[in-house]
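# Examining the three-dimensional arrangement
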Amino acid sequence: MDIGLIGTGRMGSAMGERLIDLGHHLTVWNRTAEKAKRLLERGATLASSPAGVARASEITLTILTDAKAIEAVYDGADGLLAGEVVGKLFVDMSTVAPETIRALSARVHAKKAALVECPVGGTVGPAREGKLLGMAGGSAADFARARPVLDQLCRRVDLLGPNGAGSAMKLAINLPLAVYWEALGEAVSLVRDAGIAPEKMLEILADSSGGTNALRNRAAKLAVALKEGPRPEVGFDIDGMRKDLRTMLEVGASMGLDLPVTAKTLECYDGAAQAGWGNKDASNLVVHRLAKAKAAG
Ligand SMILES: NC(=O)c1ccc[n+]([C@@H]2O[C@H](COP(=O)([O-])OP(=O)(O)OC[C@H]3O[C@@H](n4cnc5c(N)ncnc54)[C@H](OP(=O)(O)O)[C@@H]3O)[C@@H](O)[C@H]2O)c1
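Residues numbered from 1 in each chain as written. Predicted model: local features only at pLDDT ≥ 70, side-chain atom pairs only at ≥ 80, totals over all residues. Heavy atoms only, no water.

## Some words on the pairing of strand 9 (residues 154-159)
Bridging between strand 8 (residues 132-136) and strand 9 involves five bridges; their strand directions are parallel. Of the residues in strand 9, the one forming a bridge with Gly134 is Val157. One crossover worth recording links strand 8 to the parallel strand 9 by way of helix 7 (residues 140-153), and it is right-handed. (Pairing = 2+ DSSP bridges. Helix = DSSP H or I, 4+ residues; strand = E, 2+ residues; numbered from the N terminus. Right-handed = clockwise from strand over helix to strand, strands pointing away.)

## Considering the pattern of salt bridges
This model, assessed by the stated rule, comprises 22 salt bridges. Between Asp237 and Arg10 there is a salt bridge, and its shortest N-O distance comes to 3.1 Å. Here Arg10 lies in helix 1 (residues 10-21) and Asp237 lies in the loop between helix 10 (213-228) and helix 11 (238-254), a separation of 227 residues in the sequence. We classify Arg10 as partly exposed; its relative accessible area is 42%. Across the salt bridge formed by Glu17 and Arg128, the nearest N and O atoms sit 3.3 Å from each other. With a gap of 111 residues between them, Glu17 in helix 1 and Arg128 in helix 6 (residues 124-129) connect regions that are remote in the sequence. On the accessibility criterion, Arg128 (29% relative accessible area) is partly exposed. (Salt bridge = Lys/Arg side-chain N within 4 Å of Asp/Glu carboxyl O. Buried < 20%, exposed > 50% of the residue type's maximum accessible area, 1.4 Å probe, protein only.)

## Focus on the sheet that holds strand 8
Pairing in this open sheet of three strands is mixed, and the strands run 7-8-9 from one edge to the other. The open sheet has two edge strands, strand 7 (120-121) and strand 9, and neither has a second partner. Sitting on the sheet, helix 7 touches strand 8 and strand 9, and the angle it makes with strand 9 is about 170 degrees. Packed on one face of the sheet, helix 8 (residues 165-190) meets strand 7 and strand 8 and runs near 135 degrees to strand 8. (Contact = heavy atoms within 4.5 Å. Axes fitted to C-alpha atoms, helices over the stretch in contact; angles between N-to-C directions.)

## Description of the packing of aromatic side chains
This model, assessed by the stated rule, comprises two aromatic pairs. Taking 5.8 Å as the distance between ring centres and 75 degrees as the angle between the ring planes, the aromatic pair formed by Tyr74 and Phe90 counts as edge-to-face. Placement of Tyr74 in helix 4 (residues 67-75) and of Phe90 in strand 5 (residues 89-92) is noted, with a sequence separation of 16 residues between them. Of the two residues examined, Tyr74 and Phe90, each falls in the buried class. Lying across the ring of Trp277, Lys280 places its NZ or CZ 5.9 Å from the centre. (Phe/Tyr/Trp six-rings, centres within 6.5 Å; stacked < 30°, edge-to-face > 60°. Lys NZ or Arg CZ within 6 Å of the ring centre and 35° of its normal.)

## Structural notes on the sheet that holds strand 4 (residues 59-62)
Sheet strands pair by backbone hydrogen bonding; their relative direction is either parallel or antiparallel. Spatially, 3-2-1-4-5-6 is the arrangement adopted by the six strands of the open sheet, whose pairing is parallel. Across the chains shown, the open sheet's two edge strands, defined by having one partner strand only, are strand 3 (45-46) and strand 6 (114-117). With two bridges connecting them, strand 2 (residues 25-29) and strand 3 associate as parallel partners. Of the residues in strand 3, the one forming a bridge with Val28 is Leu46. Relative to strand 5, helix 4 is tilted by about 165 degrees, and along the sheet it contacts strand 1 (2-6), strand 2, strand 4, strand 5 and strand 6.

## What about the site of the ligand?
Inspection of the region around the ligand gives 24 residues, with Arg10, Asn30, Thr32, Thr123 and Gly235 positioned closest. One of the backbone N or O atoms of Arg10 is found 2.7 Å from an oxygen atom in the ligand. Between Lys243 and the ligand, the recorded distance is 2.8 Å, taken from a side-chain N or O atom to an oxygen atom. For the ligand, whose unbound accessible area comes to 900 Å², protein coverage reaches 89%. With three residues, the single largest contributor to the shell around the ligand is helix 4. (Near = heavy atom within 4 Å. Polar contact = N/O pair within 3.5 Å; in protein donor to acceptor, adjacent residues only side chain to side chain. Areas by Shrake-Rupley, 256 points an atom, 1.4 Å probe, with all protein chains shown as cover.)

## Observations concerning the environment of Arg147
As for its position among the elements, Arg147 is in helix 7. Spatially, the C-alpha atoms of Arg147 and Val157 are 8.2 Å apart, while their sequence positions differ by ten residues. Only 3.5 Å separates the side chain of Arg147 from the backbone oxygen of Val157, close enough to count as a polar contact.

## Section: unusual backbone geometry
Of note in the backbone geometry, Lys112 takes a positive phi value of approximately 60 degrees without being a glycine. Among the structural elements, Lys112 can be located in the loop between helix 5 (98-110) and strand 6.

What follows is the structure in structure tokens.
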């Protein structure tokens, strides 16, 4: 199948490799062309603009940082919606506010094209292996068109309602995850002086009601990071989590909700970013918190 892909960052590149492995042909575009190199070497075609991707593809996936990036890619002079797109299907997989998706949906529908949003849970490894958790929003008919491709990227994908429903669910799953890394950092700080090896500490935490899938997946790497400092591999970075926390607070405020834990958690991530940790994997918040605890002791 001819598939368009815009946004060849960490997630887009991993998803692109998966789709190429499954025999699809990709037409790609990325603001920084250099970052599309890996996919081009594997046979993808580079378009000169997002509009070029839309021309070449019946279905185009976008996975971009935030609302500003979506606007640039869809609405620019050479954007996805600049040309003739009647009947085309766009699938946005970025983590953004439901309102961003609803507004985009109106612009896409005004051009007689279709939009499904399908933000995902899971990081680069699951993207590469087709094991993401997809949370879709859109009409049943549009979702049915997107599903064959989404099924190849996701271990599970649910249509949760009209445009915006998938984005709301994605923010909801990231909230406890964001809080979790800070909570785990505080838990590890409490045993700072007990002389327990990081591996053992994390093994017991992972086996307890204080364990999560996120910890079980990362315990080995995190144990090394607690001993030696943050590792270079990044799935989802601290700056990305700050973006999601800000979005959760904006959405909450627009609904009249008080989210005190979310607000405090954002302060913790902001503190790590101010210390220069913004581009490190979000799980390193644990390492950052323990370093602070050690400095305090
Ligand atoms: N990483 C994860 O584990 C993970 C998991 C689930 C969901 N997500 C979500 O997936 C999305 C992408 O995440 P990622 O980790 O792949 O991020 P990333 O590696 O930083 O990639 C971001 C992509 O967005 C593009 N972009 C940013 N601003 C743009 C603009 N103004 N105009 C055009 N393109 C722009 C970047 O282009 P350049 O290369 O030119 O900067 C890049 O292709 C985010 O919404 C994130 O929250 C990430």
